Amino acid sequence: MSRLLTEDEVFPWVERELGGTITEAVRQGGRESGGRPGWFITLQRNGDATRYYVRGDRGGDFGYTRMYGLQREAKVLRVLKEEGIPVPEVIATSTEPNALILSFVDGINDFTLIDSAAERDRIARDFAKIMARWHAIPAERFVNVGIQLPVTAVDYVVKDLEVWEAGHFPLLKEPVPLVTFACQWLRRNVPEPPVRPVLVQGDTGPGQFIFKNGRVAAVVDWELAALGDPMRELAHIRTRDVWYPTGNLPKWFRYYSEFSGVPLDAAK
(Lines give C-alpha, C1' and ligand atoms only; values in the text may rest on other atoms or scores of the structure.)
Protein backbone atom coordinates (compact mmCIF):
# COMPACT_ATOMS: atom_id res chain seq x y z
CA MET A 1 0.00 0.00 0.00
CA SER A 2 1.30 3.44 -0.85
CA ARG A 3 2.36 5.62 2.03
CA LEU A 4 0.05 8.57 2.56
CA LEU A 5 1.26 12.12 3.09
CA THR A 6 1.93 13.05 6.70
CA GLU A 7 1.76 16.30 8.64
CA ASP A 8 5.56 16.34 8.82
CA GLU A 9 5.72 16.48 5.03
CA VAL A 10 2.85 18.90 4.41
CA PHE A 11 2.80 21.37 7.29
CA PRO A 12 6.29 22.89 6.79
CA TRP A 13 5.28 23.75 3.20
CA VAL A 14 2.01 25.27 4.41
CA GLU A 15 3.78 27.47 6.95
CA ARG A 16 6.37 28.62 4.41
CA GLU A 17 3.70 29.34 1.80
CA LEU A 18 1.40 31.25 4.14
CA GLY A 19 4.10 32.88 6.26
CA GLY A 20 2.71 31.80 9.60
CA THR A 21 2.57 29.06 12.23
CA ILE A 22 0.02 26.27 12.43
CA THR A 23 -1.36 26.33 15.96
CA GLU A 24 -4.17 23.80 15.53
CA ALA A 25 -4.79 20.96 13.12
CA VAL A 26 -7.61 18.41 12.91
CA ARG A 27 -7.40 15.46 10.55
CA GLN A 28 -10.47 15.26 8.31
CA GLY A 29 -12.99 12.94 9.90
CA GLY A 30 -13.35 9.47 8.46
CA ARG A 31 -9.94 9.51 6.78
CA GLU A 32 -7.78 8.22 9.63
CA SER A 33 -7.37 4.69 8.22
CA GLY A 34 -6.64 5.69 4.65
CA GLY A 35 -8.11 7.53 1.72
CA ARG A 36 -7.39 11.22 1.39
CA PRO A 37 -5.11 12.95 3.88
CA GLY A 38 -6.81 16.23 4.71
CA TRP A 39 -6.55 18.68 7.59
CA PHE A 40 -8.51 21.62 8.96
CA ILE A 41 -5.87 23.97 10.29
CA THR A 42 -5.61 27.27 12.14
CA LEU A 43 -2.67 29.46 11.14
CA GLN A 44 -1.34 32.35 13.22
CA ARG A 45 0.14 35.22 11.22
CA ASN A 46 0.83 38.79 12.38
CA GLY A 47 -1.37 38.25 15.41
CA ASP A 48 -4.35 36.99 13.38
CA ALA A 49 -5.72 33.45 13.29
CA THR A 50 -7.10 32.13 9.98
CA ARG A 51 -8.57 28.74 9.22
CA TYR A 52 -7.75 26.77 6.06
CA TYR A 53 -8.33 23.33 4.63
CA VAL A 54 -5.26 21.41 3.42
CA ARG A 55 -6.11 18.77 0.83
CA GLY A 56 -3.49 16.09 0.14
CA ASP A 57 -2.95 13.55 -2.61
CA ARG A 58 -4.62 10.17 -2.17
CA GLY A 59 -1.55 8.17 -3.17
CA GLY A 60 -0.80 5.63 -5.88
CA ASP A 61 -3.17 2.94 -4.60
CA PHE A 62 -6.02 4.98 -6.04
CA GLY A 63 -5.39 4.13 -9.69
CA TYR A 64 -7.73 6.75 -11.08
CA THR A 65 -5.40 9.49 -9.85
CA ARG A 66 -3.31 9.01 -13.00
CA MET A 67 -6.11 10.92 -14.74
CA TYR A 68 -7.92 12.66 -11.90
CA GLY A 69 -5.64 14.44 -9.46
CA LEU A 70 -5.21 17.43 -7.18
CA GLN A 71 -3.49 19.81 -9.58
CA ARG A 72 -6.18 19.19 -12.17
CA GLU A 73 -8.83 19.83 -9.50
CA ALA A 74 -7.20 23.14 -8.62
CA LYS A 75 -7.55 24.31 -12.23
CA VAL A 76 -11.25 23.43 -12.22
CA LEU A 77 -11.81 25.20 -8.89
CA ARG A 78 -10.19 28.39 -10.17
CA VAL A 79 -12.43 28.51 -13.23
CA LEU A 80 -15.52 27.85 -11.14
CA LYS A 81 -14.54 30.60 -8.69
CA GLU A 82 -14.03 33.05 -11.56
CA GLU A 83 -17.49 32.15 -12.84
CA GLY A 84 -19.12 32.93 -9.49
CA ILE A 85 -19.81 29.36 -8.40
CA PRO A 86 -19.55 28.94 -4.61
CA VAL A 87 -16.47 26.74 -4.21
CA PRO A 88 -13.47 26.96 -1.87
CA GLU A 89 -10.80 29.38 -3.04
CA VAL A 90 -7.46 27.88 -4.06
CA ILE A 91 -4.91 29.67 -1.88
CA ALA A 92 -1.80 27.73 -2.94
CA THR A 93 -0.75 24.55 -4.73
CA SER A 94 2.29 22.29 -4.55
CA THR A 95 3.44 19.18 -6.39
CA GLU A 96 6.05 18.35 -3.75
CA PRO A 97 4.33 17.64 -1.46
CA ASN A 98 1.29 17.08 -3.69
CA ALA A 99 -1.23 19.21 -1.82
CA LEU A 100 -3.56 22.20 -1.99
CA ILE A 101 -4.34 24.93 0.50
CA LEU A 102 -8.00 25.92 0.24
CA SER A 103 -10.05 28.51 2.04
CA PHE A 104 -12.03 27.20 4.99
CA VAL A 105 -15.81 27.15 4.50
CA ASP A 106 -17.93 27.17 7.64
CA GLY A 107 -20.91 24.82 7.77
CA ILE A 108 -21.75 21.12 7.65
CA ASN A 109 -22.08 18.62 4.81
CA ASP A 110 -24.25 15.86 6.29
CA PHE A 111 -27.69 16.35 4.77
CA THR A 112 -29.19 13.74 7.13
CA LEU A 113 -28.70 16.13 10.07
CA ILE A 114 -31.40 18.50 8.78
CA ASP A 115 -34.61 17.87 10.71
CA SER A 116 -36.77 20.47 8.98
CA ALA A 117 -38.40 19.41 5.72
CA ALA A 118 -38.70 23.07 4.73
CA GLU A 119 -34.98 23.64 5.22
CA ARG A 120 -34.17 20.50 3.22
CA ASP A 121 -36.30 21.90 0.43
CA ARG A 122 -34.63 25.33 0.52
CA ILE A 123 -31.18 23.78 0.33
CA ALA A 124 -32.25 21.42 -2.47
CA ARG A 125 -33.50 24.36 -4.55
CA ASP A 126 -30.34 26.32 -3.87
CA PHE A 127 -28.13 23.41 -4.87
CA ALA A 128 -30.15 22.77 -8.05
CA LYS A 129 -29.81 26.44 -9.01
CA ILE A 130 -26.05 26.35 -8.46
CA MET A 131 -25.67 23.12 -10.45
CA ALA A 132 -27.62 24.64 -13.34
CA ARG A 133 -25.25 27.64 -13.20
CA TRP A 134 -22.07 25.59 -13.45
CA HIS A 135 -23.63 23.55 -16.27
CA ALA A 136 -24.19 26.81 -18.13
CA ILE A 137 -20.46 27.62 -18.18
CA PRO A 138 -19.12 27.07 -21.73
CA ALA A 139 -17.09 23.88 -22.00
CA GLU A 140 -14.29 25.86 -23.65
CA ARG A 141 -13.49 27.52 -20.31
CA PHE A 142 -12.39 24.14 -18.98
CA VAL A 143 -10.76 22.97 -22.19
CA ASN A 144 -8.57 26.07 -21.94
CA VAL A 145 -7.14 24.85 -18.61
CA GLY A 146 -6.49 21.32 -19.85
CA ILE A 147 -9.74 19.42 -19.27
CA GLN A 148 -10.23 17.02 -22.18
CA LEU A 149 -13.32 17.43 -24.34
CA PRO A 150 -14.74 14.03 -25.41
CA VAL A 151 -15.70 13.65 -29.07
CA THR A 152 -17.33 10.28 -29.63
CA ALA A 153 -19.80 8.34 -27.50
CA VAL A 154 -16.97 5.99 -26.56
CA ASP A 155 -14.88 8.95 -25.39
CA TYR A 156 -17.65 10.03 -23.03
CA VAL A 157 -18.12 6.67 -21.32
CA VAL A 158 -15.64 3.93 -22.13
CA LYS A 159 -12.49 6.01 -21.74
CA ASP A 160 -13.51 6.90 -18.18
CA LEU A 161 -14.52 3.30 -17.51
CA GLU A 162 -11.06 2.12 -18.56
CA VAL A 163 -9.47 4.44 -16.00
CA TRP A 164 -11.54 2.94 -13.19
CA GLU A 165 -11.01 -0.63 -14.35
CA ALA A 166 -7.24 -0.14 -14.50
CA GLY A 167 -7.21 1.22 -10.97
CA HIS A 168 -9.73 -1.18 -9.44
CA PHE A 169 -9.36 -4.63 -10.99
CA PRO A 170 -5.69 -5.22 -10.05
CA LEU A 171 -6.64 -4.78 -6.38
CA LEU A 172 -9.32 -7.49 -6.44
CA LYS A 173 -8.47 -10.90 -4.99
CA GLU A 174 -11.23 -12.46 -7.08
CA PRO A 175 -13.71 -11.12 -9.67
CA VAL A 176 -16.93 -9.45 -8.52
CA PRO A 177 -19.61 -10.77 -10.91
CA LEU A 178 -21.93 -7.77 -10.61
CA VAL A 179 -19.10 -5.33 -11.37
CA THR A 180 -17.93 -7.43 -14.32
CA PHE A 181 -21.47 -7.59 -15.70
CA ALA A 182 -22.02 -3.85 -15.27
CA CYS A 183 -18.79 -2.98 -17.13
CA GLN A 184 -19.58 -5.35 -19.97
CA TRP A 185 -23.18 -4.12 -20.21
CA LEU A 186 -22.04 -0.51 -20.43
CA ARG A 187 -19.69 -1.33 -23.29
CA ARG A 188 -22.56 -3.01 -25.16
CA ASN A 189 -24.94 -0.12 -24.47
CA VAL A 190 -22.89 3.05 -24.80
CA PRO A 191 -25.23 6.07 -24.44
CA GLU A 192 -25.41 8.70 -27.14
CA PRO A 193 -23.19 11.73 -26.48
CA PRO A 194 -24.90 14.80 -25.00
CA VAL A 195 -26.17 17.60 -27.22
CA ARG A 196 -24.04 20.02 -25.20
CA PRO A 197 -21.22 18.81 -22.95
CA VAL A 198 -21.00 20.47 -19.54
CA LEU A 199 -18.71 20.25 -16.57
CA VAL A 200 -19.93 17.41 -14.37
CA GLN A 201 -18.65 17.23 -10.81
CA GLY A 202 -18.26 13.48 -11.14
CA ASP A 203 -19.60 12.61 -7.67
CA THR A 204 -22.15 15.29 -6.94
CA GLY A 205 -25.08 15.45 -4.58
CA PRO A 206 -25.74 15.34 -0.84
CA GLY A 207 -22.55 15.11 1.18
CA GLN A 208 -20.56 16.96 -1.48
CA PHE A 209 -21.55 20.48 -0.55
CA ILE A 210 -21.35 22.52 2.64
CA PHE A 211 -24.44 24.35 3.84
CA LYS A 212 -25.34 26.80 6.56
CA ASN A 213 -28.45 28.82 7.45
CA GLY A 214 -30.55 27.12 4.78
CA ARG A 215 -28.15 27.90 1.91
CA VAL A 216 -25.33 26.14 0.09
CA ALA A 217 -22.07 27.72 1.26
CA ALA A 218 -19.78 25.81 -1.11
CA VAL A 219 -19.77 22.82 -3.44
CA VAL A 220 -16.71 20.73 -2.62
CA ASP A 221 -14.66 17.80 -3.96
CA TRP A 222 -14.13 18.41 -7.68
CA GLU A 223 -11.41 15.81 -8.09
CA LEU A 224 -13.46 13.74 -10.56
CA ALA A 225 -14.79 16.68 -12.57
CA ALA A 226 -14.95 16.11 -16.33
CA LEU A 227 -16.79 17.31 -19.40
CA GLY A 228 -19.81 15.13 -19.99
CA ASP A 229 -23.56 14.66 -20.02
CA PRO A 230 -25.51 16.73 -17.47
CA MET A 231 -27.73 13.70 -16.85
CA ARG A 232 -24.71 12.00 -15.33
CA GLU A 233 -24.97 14.48 -12.47
CA LEU A 234 -28.52 13.39 -11.71
CA ALA A 235 -27.37 9.77 -11.68
CA HIS A 236 -24.70 10.63 -9.11
CA ILE A 237 -27.25 12.43 -6.95
CA ARG A 238 -29.38 9.28 -7.06
CA THR A 239 -26.40 7.18 -5.99
CA ARG A 240 -25.40 9.48 -3.14
CA ASP A 241 -29.02 9.52 -1.99
CA VAL A 242 -28.37 6.00 -0.67
CA TRP A 243 -25.89 7.35 1.92
CA TYR A 244 -27.36 10.82 2.43
CA PRO A 245 -31.13 10.50 1.90
CA THR A 246 -32.55 13.68 0.42
CA GLY A 247 -36.07 12.97 1.61
CA ASN A 248 -37.59 13.79 -1.78
CA LEU A 249 -35.32 12.98 -4.70
CA PRO A 250 -37.86 13.76 -7.48
CA LYS A 251 -38.04 17.36 -6.24
CA TRP A 252 -34.28 17.74 -6.65
CA PHE A 253 -34.61 16.68 -10.27
CA ARG A 254 -37.59 18.97 -10.90
CA TYR A 255 -35.71 21.93 -9.42
CA TYR A 256 -32.76 21.24 -11.68
CA SER A 257 -35.03 21.08 -14.73
CA GLU A 258 -36.67 24.35 -13.67
CA PHE A 259 -33.40 26.26 -13.29
CA SER A 260 -31.52 24.71 -16.21
CA GLY A 261 -34.37 24.66 -18.71
CA VAL A 262 -33.48 21.04 -19.51
CA PRO A 263 -36.60 18.83 -19.75
CA LEU A 264 -36.34 15.49 -17.97
CA ASP A 265 -37.80 12.26 -19.35
CA ALA A 266 -38.63 10.29 -16.21
CA ALA A 267 -39.54 7.21 -18.27
CA LYS A 268 -35.92 6.85 -19.34
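Each remark here, short or long, concerns the structure printed above.
All figures in this text were calculated on a predicted structure; none of them were measured in a lab. (Residues numbered from 1 in each chain as written. Predicted model: local features only at pLDDT ≥ 70, side-chain atom pairs only at ≥ 80, totals over all residues. Heavy atoms only, no water.)

## Some remarks on the pattern of salt bridges
Condition: Salt bridges, as used here, are contacts in which a Lys or Arg side-chain nitrogen is within 4 Å of a carboxyl oxygen on Asp or Glu. Under the DSSP-based scheme used, a helix requires at least four consecutive residues in state H or I and a strand at least two consecutive residues in state E, with every element numbered from the N terminus. Burial status follows relative accessibility: with a 1.4 Å probe on protein chains alone, a residue under 20% of its type maximum counts as buried, one over 50% as exposed, and anything between as partly exposed.
A complete count under the given rule lists 13 salt bridges for this structure. One salt bridge in this structure joins glutamate 223 and arginine 36, with 2.7 Å as the shortest N-O distance. Taken together, the residues glutamate 223 in the loop between β8 (215-219) and β9 (226-228) and arginine 36 in the loop between β1 (21-27) and β2 (38-45) connect sequence positions 187 residues apart. Arginine 36 shares its class with glutamate 223; the two are buried. In this structure, the salt-bridge partner of lysine 251 is aspartate 121, at a minimum N-O distance of 3.0 Å. Taken together, the residues lysine 251 in helix α8 (residues 249-260) and aspartate 121 in helix α3 (residues 117-135) connect sequence positions 130 residues apart. Here lysine 251 falls in the partly exposed class, since its relative accessible area comes to 23%. Connected via shared salt-bridge partners are Arg55, Glu73 and Asp221.

## Quick look at the packing of aromatic side chains
Put simply, the rule reads: Within 6.5 Å between ring centres, the rings of Phe, Tyr and Trp (the latter by its six-membered ring) count as paired, and their orientation is classed by plane angle as stacked under 30 degrees, edge-to-face over 60, tilted in between. Geometrically, a lysine NZ or arginine CZ counts as sitting over a ring once it is within 6 Å of the ring centre and also within 35 degrees of the ring normal.
Under the criterion given, the structure shown has 12 aromatic pairs. Ring geometry for phenylalanine 127 against phenylalanine 209: centres 4.7 Å apart, planes inclined by 25°, an arrangement best described as stacked. With phenylalanine 127 in helix α3 and phenylalanine 209 in strand β7 (residues 209-212), this residue pair connects regions lying 82 residues apart in the sequence. In this structure phenylalanine 209 comes out as buried when scored by relative accessible area, which is 1%. Taken together, a centroid distance of 6.4 Å and an interplanar angle of 40° make the contact between phenylalanine 209 and tryptophan 252 tilted. With a gap of 43 residues between them, phenylalanine 209 in strand β7 and tryptophan 252 in helix α8 connect regions that are remote in the sequence. Using a relative accessible area of 5% as the deciding quantity, one classes tryptophan 252 as buried. Three or more aromatic residues joined by ring pairs make a cluster, and in this case those are Phe111, Phe127, Trp134, Phe209, Phe211, Trp222 and Trp252. Seen from the ring of phenylalanine 104, arginine 51 lies directly overhead, with NZ or CZ sitting 4.0 Å from the centre.

## Some words on the sheet that holds strand β3 (residues 48-56)
Here is the rule we go by: One requirement defines pairing of two strands: DSSP has to find at least two bridges between them. Only the contacting stretch of a helix is used when fitting its axis, a line to C-alpha atoms as for every element, and angles between N-to-C directions run 0 to 180 degrees.
Taking strand neighbours across the sheet as the criterion, the five strands line up as β1-β2-β3-β5-β4 in an open arrangement whose pairing is antiparallel. Whereas interior strands pair on both sides, the edge strands pair on one side only; in this sheet they are β1 and β4 (90-95). Pairs of neighbouring strands in the sheet enclose a mean axial angle of 25°, with direction left out of account. Relative to strand β5 (residues 98-103), β4 is paired through five bridges, and the arrangement is antiparallel.

## Looking at the nonpolar core
This is how the line gets drawn: Among buried residues, the Ala, Val, Leu, Ile, Met, Phe, Trp, Tyr and Cys ones that are joined through side-chain atoms within 4.5 Å form a nonpolar core. Here a residue-residue contact requires only that any non-hydrogen atoms of the pair lie within 4.5 Å.
Formed by 40 residues in total, the largest nonpolar core has its most connected members in Leu80, Phe127, Trp134, Phe142, Leu199, Phe209 and Trp222. For this core, the secondary-structure elements that each account for two or more residues are α2 (70-82), β5, α3, α4 (139-143), β7, β8, α7 (230-240) and α8. In terms of residue count, α3 provides more of this core than any other element does, eight residues in total. Other than its neighbours up to four places away in sequence, tryptophan 134 contacts Leu80, Ile85, Phe127, Leu199, Gln201, Thr204, Val219, Trp222 and Glu233. Listed in part, the 15 residues of the second largest apolar core include Val14, Trp39, Val54 and Ala92.

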